[in-house]
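Coordinate analysis (summary)
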Amino acid sequence: MISNLDRKLWRDLNRMLGQAVAVAVVMACGLAMMIMARSLIFSLETTRREYYEANRFADVFGHLKRAPLSIADRIKDIPGVATVQPGISVQVTLDIAGLEEPASGMVRSLPDYAPPELNRLFLRRGRWLTPGSREEVLVGRRSPTPTNSNRARP
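1. Section: the overall build of the chain
Assigned secondary structure in the chain consists of three helices and two strands. Along the chain direction, N to C, the helices and strands of the chain fall in the order α-α-α-β-β. Taken against the 2.2 N^0.38 rule, which gives 15 Å for 154 residues, the C-alpha radius of gyration of the chain at 30 Å runs more than 25% over that of a compact globule. By principal-axis analysis of the C-alpha atoms, the chain measures approximately 95 × 50 × 30 Å.

In structure tokens, the structure reads:
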């Protein structure tokens, strides 16, 4: 048997059927948006982690001036440190023909006889440096920022 209170509930729901469906649809859309946002965040975090691991990006950087190489051995002894790669990195101003203002660049040393252990470079074109060579360089560039004039038009 259905009680009087249950009968009243069904009658009220029947009268407000449109509102009940609207509330259910809004709640379903909100739930779908939340699931989609969480999936996007998970996907981006996974992609970043895998990219960083594949290219062995360093977690911590230390900048020293005129430090002996023995400091690297002491840093390796610190608990939790997996790899240390000492090198030279200098910010420079470049005078490039065709540019109105000087460009800035980063000059970075690479190991003599092996690819870098950390912060590996991605070679798009050309060849890697000859081991032990002192007269070769790798040159990189940043992609130009798109302007309104070179964007695709609908």
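From this point, things continue past the structure.
2. Structural notes on a nonpolar patch on the surface
Together, Leu 9, Trp 10, Leu 13 and Met 16 line one region of the surface with nonpolar side chains, adding up to about 420 Å² of accessible area. Position of Leu 9 relative to the elements: it lies in helix H1 (residues 4-15). Owing to a relative accessible area of 47%, Leu 9 belongs among the partly exposed residues under this scheme.

3. Some words on unusual backbone geometry
Here the phi dihedral of Arg 56 falls at roughly 50°; this positive angle occurs in a residue that is not glycine. Along the polypeptide, Arg 56 turns up in the loop between helix H2 (17-54) and helix H3 (70-76). Even without being a glycine, Arg 66 presents a positive backbone phi close to 55°. Locating Arg 66 in the fold gives a position in the loop between H2 and H3.

4. Let's talk about the confidence of the model for the chain
In this model, the chain carries a mean pLDDT of 83, and residues with pLDDT of at least 70 account for 91%. For the chain, strand E2 (residues 103-108) is the element with the lowest average pLDDT, namely 83, and H2 is the one with the highest, namely 95. The low-confidence segment residues 146-154, where pLDDT is below 50, has two contacts with residues more than four positions distant or belonging to other chains.

Cut-offs used in this document
Residues numbered from 1 in each chain as written. Predicted model: local features only at pLDDT ≥ 70, side-chain atom pairs only at ≥ 80, totals over all residues. Heavy atoms only, no water. Helix = DSSP H or I, 4+ residues; strand = E, 2+ residues; numbered from the N terminus. Rg over C-alpha atoms; globule rule 2.2 N^0.38 Å. Patch = residues over 30% accessible without salt bridge, like charges linked within 9 Å, V, L, I, M, F, W, Y side chains within 5 Å. Areas by Shrake-Rupley, 256 points an atom, 1.4 Å probe, with all protein chains shown as cover. Salt bridge = Lys/Arg side-chain N within 4 Å of Asp/Glu carboxyl O. Buried < 20%, exposed > 50% of the residue type's maximum accessible area, 1.4 Å probe, protein only. pLDDT = per-residue confidence, 0-100. Contact = heavy atoms within 4.5 Å.

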